[in-house]
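Now for the letters of each chain:
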Amino acid sequence: MPRVLLIEDDPSVREGVELGLRRRGHEVRAAETGEAGLAALKTFQPELVLLDLMLPGINGVQVCTRIRETSQLPIIMLTARGDDFDVVVGLEAGADDYIVKPARTEVIEARIRAVLRRLADPGVRPGLEFHGELALDRAGLTAAKSGERLQLAPSELKLLLHLAASPEQVFSRQQLLESVWEHSYHGDARLVDACVRRLRNKIEDASGSPRYIQTVRGFGYRFGPLR
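Model, not experiment: these values are computed from the prediction.

What counts and how
- Residues numbered from 1 in each chain as written.
- Predicted model: local features only at pLDDT ≥ 70, side-chain atom pairs only at ≥ 80, totals over all residues.
- Heavy atoms only, no water.
- Pairing = 2+ DSSP bridges.
- Helix = DSSP H or I, 4+ residues; strand = E, 2+ residues; numbered from the N terminus.
- Axes fitted to C-alpha atoms, helices over the stretch in contact; angles between N-to-C directions.
- Contact = heavy atoms within 4.5 Å.
- 1 Å grid on protein atoms, 1.4 Å probe; cavity = no way out; pocket = protein on both sides within 12 Å on 5 of 7 lines; lining within 4 Å.
- Points joined across faces, edges and corners; volume = space filled by probe spheres on them.
- Nonpolar A, V, L, I, M, F, W, Y, C, P; charged D, E, K, R; others polar.
- Buried < 20%, exposed > 50% of the residue type's maximum accessible area, 1.4 Å probe, protein only.
- Salt bridge = Lys/Arg side-chain N within 4 Å of Asp/Glu carboxyl O.
- Parallel < 35°, antiparallel > 145°, perpendicular 65-115°, else oblique.
- Left-handed = near helix turned anticlockwise from the far one by under 90°.

## Examining the sheet that holds strand E5 (residues 97-100)
Move 1: If you walk across this open sheet you meet the 5 strands as E2-E1-E3-E4-E5, and the pairing is parallel. For this open sheet the edge positions go to strand E2 (28-31) and E5, each flanked by a neighbour on one side alone. Neighbour-to-neighbour, the strand axes of this sheet turn through a mean angle of 20 degrees, independent of strand direction.
Move 2: Pairing between strand E1 (residues 4-7) and strand E3 (residues 48-52): 4 bridges, direction parallel. When the sheet's bridge partners are listed, Val4 is paired in E3 with Leu48.
Move 3: Contacting E1, E2 and E3, helix H1 (residues 11-23) runs over the sheet at an angle of about 175 degrees to E2.

The structure is reproduced here in structure tokens:
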């Protein structure tokens, strides 16, 4: 079972989540502040981070940003309010998903497994493929632009591979939520939109004039054609 770093300042939530995950076989390290969580990253070497959005001192968004400066470790944010503006900021900072508290252990476990599957599953058909300056290695789970490897979070890589597998096909946000995030219910389109914006910042020459991931107004997104 994957090692999980839990960064949560609420003692009741922290203890409940930690106990629930341990019972399911996870090795868990808990930290109650952002500073302690960042320190634990170096010694514990987790495979996934559960990160509270509202932390004292360094908040969850700042912690997420710092992690993304050096690592593409999967991050799931914990928030008390699903409509909070800070959720969008957290997604923009690089979080792969978020969970609204309180959440049952089985829900948290399902999200953990879904995020890790994105990292392990390269998507449709193995092999190396080229799209203009982009090179996608589905078997090696890497992407490069002009020969330089791109640092993509699991959700960013899975979304890029999914779109690129069907060039010019238009996908609705709900279709992408189901395929990439495995959210079968009426999910939160902000996950998709934030991920697309982050991807564009990394793969496009000018994110305001995308060549690779194009918006189809009123419906969703498609990959190409390159202009």
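## A word on the layout of surface pockets
Picture a little ball the size of a water molecule; that probe, rolled over the atoms, points out where space is still empty.
Move 1: Approximately 230 Å³ is the volume attributed to the largest pocket.
Move 2: Contributions of two or more residues to the lining of the largest pocket are made by helix H2 (34-44) and helix H3 (60-70).
Move 3: Looking at the lining of the largest pocket, the element that brings in the most residues is H3, giving 4 residues.
Move 4: Tallied by class, residues from the lining of the largest pocket come to 5 nonpolar, 3 polar and 3 charged.
Move 5: In this structure, the second largest pocket is lined by 12 residues; those nearest its centre are Leu141, Arg149, Leu150, Leu152 and Leu157.
Move 6: Elements supplying a minimum of two residues to the lining of the second largest pocket: strand E8 (142-145) and helix H6 (154-164).

## Notes on H6
Move 1: Of all the 11 residues making up H6, 11 are buried; the element is thus mostly covered by neighbouring parts of the structure.
Move 2: Within H6, burial applies to Pro154, Ser155, Glu156, Leu157, Lys158, Leu159, Leu160, Leu161, His162, Leu163 and Ala164.

## With respect to the pattern of salt bridges
Move 1: Counting across every chain of the model gives 18 salt bridges.
Move 2: Measuring nitrogen to oxygen at the nearest pair gives 3.0 Å for the salt bridge that ties Lys101 to Glu8. In this pair, Lys101 sits in the loop between E5 and helix H5 (105-120) while Glu8 sits in the loop between E1 and H1, placing the two residues 93 residues apart along the sequence. The same class applies to Lys101 as to Glu8, namely buried.
Move 3: Here the salt bridges share partners, and the residues they tie into one network are Glu133, Lys145, Asp205 and Arg211.

## Brief notes about the packing of helix H4 (residues 85-93) against helix H8 (residues 189-203)
Move 1: Where H4 meets H8, the closest approach of the two axes is 8 Å, and the angle between their N-to-C directions is 40 degrees. Relative to H8, the element H4 lies oblique. In this structure, H4 meets H8 at a crossing whose hand is right-handed. For the pair formed by H4 and H8, the contact residues are Val87, Val88, Leu91 and Glu92 on the first element and Arg190, Leu191, Ala194, Arg197 and Arg198 on the second.
Move 2: When the residues that make up the contact of H4 with H8 are grouped by side-chain class, the tally is 5 nonpolar, no polar and 4 charged.

## Remarks on the side chain of Glu156
Move 1: With respect to the secondary-structure elements, Glu156 resides in helix H6.
Move 2: Given a relative accessible area of 1%, Glu156 falls into the buried group.
Move 3: In this view, Glu156 contacts Gln151, Cys195, Arg198, Leu199 and Lys202; residues no more than four positions away in its chain are not counted.

## Points about the sheet that holds strand E7 (residues 134-137)
Move 1: Reading across the sheet, the 4 strands line up as E6-E7-E8-E9 and stay open at both edges, with antiparallel pairing between neighbours. The two strands at the open ends of the sheet, each matched to only one other strand, are strand E6 (128-131) and strand E9 (148-149).
Move 2: The strands touched by H6 are E6, E7 and E8; relative to E7, the strand with the most contacts, the crossing angle is about 100 degrees.

## Things to note about the packing of H3 against H4
Move 1: Where H3 meets H4, the closest approach of the two axes is 9 Å, and the angle between their N-to-C directions is 10 degrees. Judged by the angle between their axes, H3 and H4 are roughly parallel. In contact with Val61, Cys64, Thr65 and Arg68 of H3, H4 contributes Asp86, Val89, Gly90 and Ala93.
Move 2: Here the contact of H3 with H4 is built from residues that sort into 4 nonpolar, 2 polar and 2 charged.

Keep in mind these values describe shape, not function.
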